[in-house]
Amino acid sequence: MKQPHHSPHVPYAAHLVERRDLSDDTALFRIAPEADALAQLSSFVPGQFVQLSVPGAGEIPISPADLPAAEGTVELCVRRVGHVTELLHKLEPGAQLGLRGPFGCGFPLDEMAGRPVLLLAGGLGIAPLRSLLMHLLRQRERYGDITLMYGAKQPRLMLFREELAALAAAGGMRLYLTVDFAPEKLEGGYSCAVGLLPDLLKGFRFDAASTYAAVCGPPPLYRCLVADLERAGVAAQRILLSLERRMRCGVGRCCHCGIGQKLCCVDGPVFRASDLKGIPEAL
Amino acid sequence: MGSVIEIAPLTRLEGHGKVRVYREGCRVERVELQFVDSPRLFEALLVGKSFAEVPEIICRICALCSTVHKVTALLAVEDAFGVEVSEVTSLTRELMLQAGMIQDHALHLYCLVLPDLLGVRGVAELAQVAPELLKTGLAIKKAGNLVLETAGGRLIHPVNIRLGGLGRCLNKKELTRLKDALEKVLPAAREAHRLFSTPFPFPQLPAPDFLALHPSDRPLQGQLCRMADALTFPLRDYRQHIEETLLDYSNAKLSKVHGKEATVGAQARLNLDPDLEPLAATLFADHKHELVGKDMRGNNLAQAIEMCHATERALRLVDRLIELGPERAETQPIAPRAATGCAACEAPRGTLIHSYSFDPQGICIAADVITPTALNQGALARDLLALARGMEGEESSRMTTALERLIRCYDPCISCSVHVLSL
Amino acid sequence: MRPMKLAITGLTACSGCQLTLLNCEDELPELLARCELVYFPLAESGNKLEVQFDAAIVEGAVSTPKDLELLFRLRNASKVLVAYGTCALFGGVAAMNNMTCSRHDLLQAVFGAAEKLPESFAPAPLANYVSVDAVVTGCPPEKQEIAELLAALAAGTLPPPRSYPVCTECRSRENLCLLLEKNELCLGPVVQGGCNARCPATGIVCEGCRGPVREANVAQELELLLERGFGRDEIERRMSRFKPEWDYGQRH
Amino acid sequence: MANNFLKTSRLDQFLDALRLFGELHAPTTSESGVHRFSLLDDPADLNLDYRRTQIPPKKYLLPFREEILHCAGDTYREGHCGAVDMVLFGVHSCDLEGIAYLDRVFLADPADPGYSARRASLTLVGVTCHPDDFCFCPEGTVSTACDLFLAASGDGFHLTSHSVRGNAILAAAEHLLEEGVPLQPATSSGLCFPPQDPELRFSDHPLWEKFASTCVSCGACSVCCPTCYCFDVREYPALSGGCTRIREWDNCLFASHGEVAGANFRPERLDRLRYRFLHKYCGFTPLQGISSCVGCGRCKEVCPVDIDLRELTVAPKQVQP
Ligand SMILES: Cc1cc2nc3c(=O)[nH]c(=O)nc-3n(C[C@H](O)[C@H](O)[C@H](O)COP(=O)(O)OP(=O)(O)OC[C@H]3O[C@@H](n4cnc5c(N)ncnc54)[C@H](O)[C@@H]3O)c2cc1C
Ligand code: SF4
Ligand code: SF4
Ligand code: SF4
């Protein structure tokens with residue numbers, strides 16, 4: 001829905017309802033935007049992003065980690081890495097924020113309907129995929145098998161552990177977890193491999209010819225996962241990657257987020273691996 | 001038993017200093033004034049630099065006085081190489097000196113001295129107890145700053161004034177803006193004397209030996225120094241008249257003029273060269289009995305009067321510059337040669353002397369700077385002792401208050417003073 | 001809101017940075033309302049050091065044992081330590097000869113054969129001795145930048161950095177390029193912008209008072225200047241005016 | 001046919017007529033000798049005999065630094081766009097095409113509010129130019145991306161209107177015009193430098209390395225380019241509470257351009273030069289396949305190390321071993 005009189009620059013008012021620390025540097029922020037913003041968010045497709053303003057620090061692109069608008073709030077899972085996120089992490093519930101969006105292209109849900117979906121998340125990459133997962137599970141009957149493979153550096157950096165385990169236990173999806181190394185003992189009684197995400201994929205049997213793979217994680221992850229997936233038989237058009245770039249406007253003007261001749265903010269952030277072929281700097 | 005009262009750090013003045021009062025019982029034995037700014041050794045840094053770099057580097061000796069240091073250095077280098085500058089350049093320089101006077105006096109009087117008069121710690125409390133007065137002071141300062149920034153291209157360490165000319169001339173629009181700003185604060189500058197004519201509630205001090213530049217056709221700049229007892233000497237010979245001694249307890253050197261502790265600054269200027277603009281002249285006439293021949297307790301009042309004078313004079317200069325119109329900014333070409341040049345200006349806190357020697361390529365081989373605070377240091381130490389002695393037996397907190405206030409009367413600038421040299 | 005407790009002071013410096021703060025006439029009342037100037041000898045009496053400061057704003061280079069002592073005390077007592085101005089950041093003018101002569105020789109040149117030379121070592125940036133949380137560059141800094149910093153501190157953040165050279169603002173202001181058009185020794189291409197190209201705007205070359213820009217192509221600037229007939233000595237003298245050490249081979 | 005010829009002797013009167021349509025800005029020369037567009041108070045300041053201004057007219061539409069938002073208390077509000085009716089007189093064809101290109105970027109949905117407000121109040125009057133060695137547009141290029149174009153001819157100008165506003169100007173200046181010999185139709189209009197093959201950016205042309213090591217990242221090329229519009233956005237809190245968000249010209253050759261927390265997608269200057277090449281001559285979504293270079297020659301003239309990316313498009317020379 002378009003708001004005819006609202007300037008594209010001006011964030012809608014929003015406030016912080018609740019924050020939940022997920023790890024040392026990552027927290028889940030539940031944010032309540034004003035009604036007009038919620039109305040805009042009703043068109044949200046998992047994989048799209050919003051521009052979150054933290055007054056005094058600036059604006060950053062963040063992919064919602066849930067399906068916004070459901071309860072009048074949006075969940076953003078944000079890691080503290082620099083200028084804006086630093087201030088965000090200092091805020092208390094009730095703090096004023098700003099929100100614009102959603103922007104960009106999310107996952108091609110209609111196309112994915114009826115197909116098995118393999119979600120591959122590395123580290124913070126779980127945030128946008130959690131949103132996709134919620135959608136898939138909500139419309140469970142619309143999709144084929146759902147599998148989530150999630151890798152983190154260490155057990156304590158594994159986000160949404162309990163939640164994901166519960167979802168898996170409910171039976172709607174298969175869950176595979178892995179950590180790069182495990183200095184502490186794993187608690188919670190669910191299984192978790194030690195190794196890298198591509199190792200998990202290696203032993204995995206699935207219907208590669210019809211599966212859609214959705215990948216999100218740190219840049220180096222993409223390169224090997226795309227190759228592995230293709231080798232396993234997933235066509236490049238069905239490998240969906242959510243990419244991250246520097247963004248200043250979210251609407252295709254500031255020109256920082258170019259990937260080849262495409263702009264991450266309007267053509268992405270979800271790209272098909274096939275569209276990125278021949279763009280050396282993409283991955 | 002001997003005891004020592006120490007006031008450290010000295011506050012509400014530029015730089016790092018302290019005072020020690022040595023007492024034997026309640027008798028004051030001696031007073032030590034220490035300037036402990038970290039030495040930056042400018043005179044040594046300048047050696048080996050090209051003549052063109054000298055003014056740009058030396059102005060960084062002190063931020064409060066950067067304009068007057070820059071102008072003095074320009075004049076000294078130009079003196080060495082025989083460069084004459086245009087009228088517009090010269091007027092613009094004077095305009096900046098006057099503006100420096102306005103802003104510096106306003107800062108000192110309203111932000112640093114006024115807290116003494118109202119019995120508060122500093123600007124922060126001042127903003128609470130006397131917000132209007134502080135605002136007035138800041139407004140005057142801002143007008144001076146506007147002139148400095150517009151004419152100098154930058155407020156502190158100005159860039160637009162350079163050897164042989166100007167980077168660019170001010171245009172009519174800018175000058176008109178300056179005129180408006182100065183006119184707006186003239187009434188406040190004129191009234192300032194009322195605040196600072198309250199008598200200083202402490203004992204009388206020894207009569208000073210005033211020193212200032214002899215009036216010339218370029219106000220605040222000159223080639224003759226004049227001492228109160230009619231001793232006048234050409235600047236060129238200043239080394240024969242001013243001698244410096246090193247003190248083992250201070251990073252600044254003590255200067256004496258013919259064995260006397262000279263006193264420079266606003267009070268000295270008004271005593272020696274009362275060539276004032278009309279409003280300031282009236283003020284001076286009204287306050288003559290508090291100033292002429294009087295000790296440094298009157299210096300803040302003298303500064304207030306000078307602030308009015310400088311505002312009027314700056315207005316006149318602006319008018320003249322508008323009348324002349326911008327000239328094509330022709331900077332005079334400079335041909336370096338082996339030479340020594342020297343120049344002096346009246347800085348807000350007194351006479352400032354620069355002297356440089358160059359080799360045939362224009363590389364600096366010697367530099368010497370005598371700052372007003374260095375000149376005043378002897379008189380200040382003498383007055384501190386006199387004041388401390390005059391207050392023997394009084395509570396030491398009252399004494400330290402009095403000593404600090406006396407120091408602020410002198411408006412010392414310690415950064416400058418710790419750069420003194422013999423080569 | 002609790003006012004911020006501030007320490008503002010200078011080490012080996014000219015007080016220009018502190019004065020710049022006092023020159024923010026328009027912002028000063030607001031500033032005084034939001035900050036408690038617990039330690040600010042330039043403008044306040046009755047200063048205290050035995051306090052936890054929200055921020056210490058320190059001007060000047062470190063060149064004496066006293067400087068160091070004060071710096072350590074402030075570092076220990078402050079949440080945020082700000083290197084305020086070019087001297088604090090790069091050494092500044094006092095350090096210009098660090099690479100060419102010894103401190104002792106300089107002291108002797110000035111204080112002659114005095115019994116006791118003042119204790120002093122080569123002026124160095126704060127970061128050589130303590131960790132620095134925020135910086136404001138410039139000799140002197142721009143008023144706006146210190147006002148921005150204080151406002152950001154009050155808001156619990158820091159101002160976002162700029163990272164373009166003087167040339168960018170200089171061209172945008174439609175100044176005459178002094179390097180290309182007048183063959184003058186301008187350091188604009190390698191110097192941090194943010195001053196709105198103050199000097200070139202008045203027809204004076206950039207003397208580099210804000211220190212190197214993030215990605216200074218020093219080697220190319222050197223080549224450019226050599227090509228234009230300046231001597232290597234002169235170039236190095238000019239480059240080191242505000243920062244003694246440059247890597248003249250650096251291209252990125 | 002209506003009168004459409006303006007004698008040079010009546011130019012001053014014509015300028016007065018233009019003032020009816022807004023504040024008149026035109027090419028002048030600054031105190032230090034720089035050509036620029038500025039407010040024309042005195043017609044004597046007009047300098048129509050200029051080659052190119054240092055900064056193109058984009059400065060009126062996309063100021064170097066602009067406060068796009070203010071946040072007081074709780075809510076963000078749009079900054080003041082500062083749009084006033086303005087007539088920009090004496091613009092060369094390349095700059096007109098530059099504006100046309102920016103229009104495609106900033107007026108596309110959702111239109112940029114500041115840009116569109118300023119654009120709507122801007123009247124463009126073009127004029128014939130005389131190319132010099134830096135220009136590389138085809139001789140006689142005439143842009144129609146303006147309200148009115150003045151084609152120099154003999155002792156005056158042929159006026160052609162390209163918009164309703166242009167017609168209104170003609171009507172307002174009717175009394176100053178006379179009949180002239182009919183003009184030849186404009187030869188061409190549009191972008192001068194043909195779109196390039198994106199693959200060229202990975203050519204092994206030896207100039208790439210040379211450019212990467214000599215570019216001083218001064219930013220002049222983008223600042224002065226009529227079609228460079230990359231911007232940075234930064235936010236500054238105010239002492240009195242609230243904050244301001246500004247937008248400022250950026251340059252793709254700066255290290256920060258492709259930087260994110262913890263990584264840089266264009267870490268080397270070479271990567272960034274390639275990015276510039278791609279954006280200038282190949283275009284991004286949705287202007288892919290369109291070159292944005294209008295041939296004004298500014299980048300070449302202002303670059304302190306004489307970088308001209310167009311040289312890369314000639315056949316790659318074999319690198320000497
Ligand atoms: C489409 C998209 C979705 C994202 N989703 C998430 C998410 O769900 N959770 C999360 O924690 N992070 C996410 N990020 C990354 C997040 O935007 C950055 O971590 C954040 O911008 C860092 O800003 P900063 O000011 O704290 O860091 P600084 O490094 O101080 O950044 C300064 C400025 O650089 C820009 N910047 C820095 N890093 C990035 C970046 N990676 N992407 C874009 N701009 C950047 C910002 O605009 C910021 O204002 C996403 C990025 C994109 C592009
Ligand atoms: S132009 Fe250069 S010297 Fe002048 S203020 Fe800016 S950085 Fe400093
Ligand atoms: S790339 Fe260069 S020549 Fe082309 S439009 Fe931009 S500045 Fe002009
Ligand atoms: S003008 Fe030249 S040197 Fe400057 S950034 Fe552009 S290409 Fe590099």
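In this text the structure is predicted, and so the values were computed from the model without any measurement.

J.: Tell me about the domain arrangement of chain C, residues and numbers included.
T.: All names here are of chain C. On domain assignment, one finds that chain C holds domain 1 (4–154) and domain 2 (166–239). Across the contact, seven residues belong to domain 1 and eight residues belong to domain 2. Both sides together, the interface formed by domain 1 and domain 2 hides about 570 Å², and carbon and sulfur atoms give 47% of it. Linking domain 1 to domain 2 there are two salt bridges. Note that Arg 198 is salt-bridged to Glu 142, the shortest N-O span being 2.8 Å.

J.: Residues and numbers for helix α5 (residues 103–111) of chain C, please.
T.: Residues and elements named next belong to chain C. Looking at α5, one finds that the buried residues are Arg 103, Leu 106, Leu 107, Val 110 and Phe 111. The buried residues of α5 all sit within an arc of 110° when viewed along its axis, so they share a single face. Immediately downstream of α5, the backbone of Gly 112 shows phi near 60°, a positive value.

J.: Which residues make up the sheet that holds strand β3 (residues 27–35) of chain B, and what values do they have?
T.: Residues and elements named next belong to chain B. Pairing in this open sheet of three strands is antiparallel, and the strands run β1-β2-β3 from one edge to the other. Pairing within the sheet leaves two strands with one partner each, and these edge strands are β1 (2–7) and β3. Geometrically, the sheet is characterised by an average inter-axis angle of 20° between neighbouring strands, direction not taken into account. Relative to β3, strand β2 (residues 17–24) runs antiparallel, the two being bridged by eight bridges. Bridged to Gly 17 within β3 is Phe 35.

J.: Which residues make up the environment of Val 270 of chain A, and what values do they have?
T.: Residue and element names in this part refer to chain A. Following the sequence through the fold, Val 270 ends up in strand β15 (residues 270–272). Put simply, Val 270 and Gly 106 are 164 residues apart on the chain and 5.6 Å apart in space, counted from C-alpha to C-alpha. Every residue in contact with Val 270, bar those within four places of it in the chain, is listed here: Gly 47, Cys 105, Gly 106, Phe 107, Leu 240, Leu 241 and Ser 242.

So, how was this worked out
- Residues numbered from 1 in each chain as written.
- Chains lettered and ligands numbered in written order.
- Predicted model: local features only at pLDDT ≥ 70, side-chain atom pairs only at ≥ 80, totals over all residues.
- Heavy atoms only, no water.
- Domains from an automatic or database assignment.
- Contact = heavy atoms within 4.5 Å.
- Buried area = accessible area lost by both parts, 1.4 Å probe.
- Salt bridge = Lys/Arg side-chain N within 4 Å of Asp/Glu carboxyl O.
- Buried < 20%, exposed > 50% of the residue type's maximum accessible area, 1.4 Å probe, protein only.
- Helix = DSSP H or I, 4+ residues; strand = E, 2+ residues; numbered from the N terminus.
- Arc of directions from axis to C-beta.
- Pairing = 2+ DSSP bridges.
- Axes fitted to C-alpha atoms, helices over the stretch in contact; angles between N-to-C directions.

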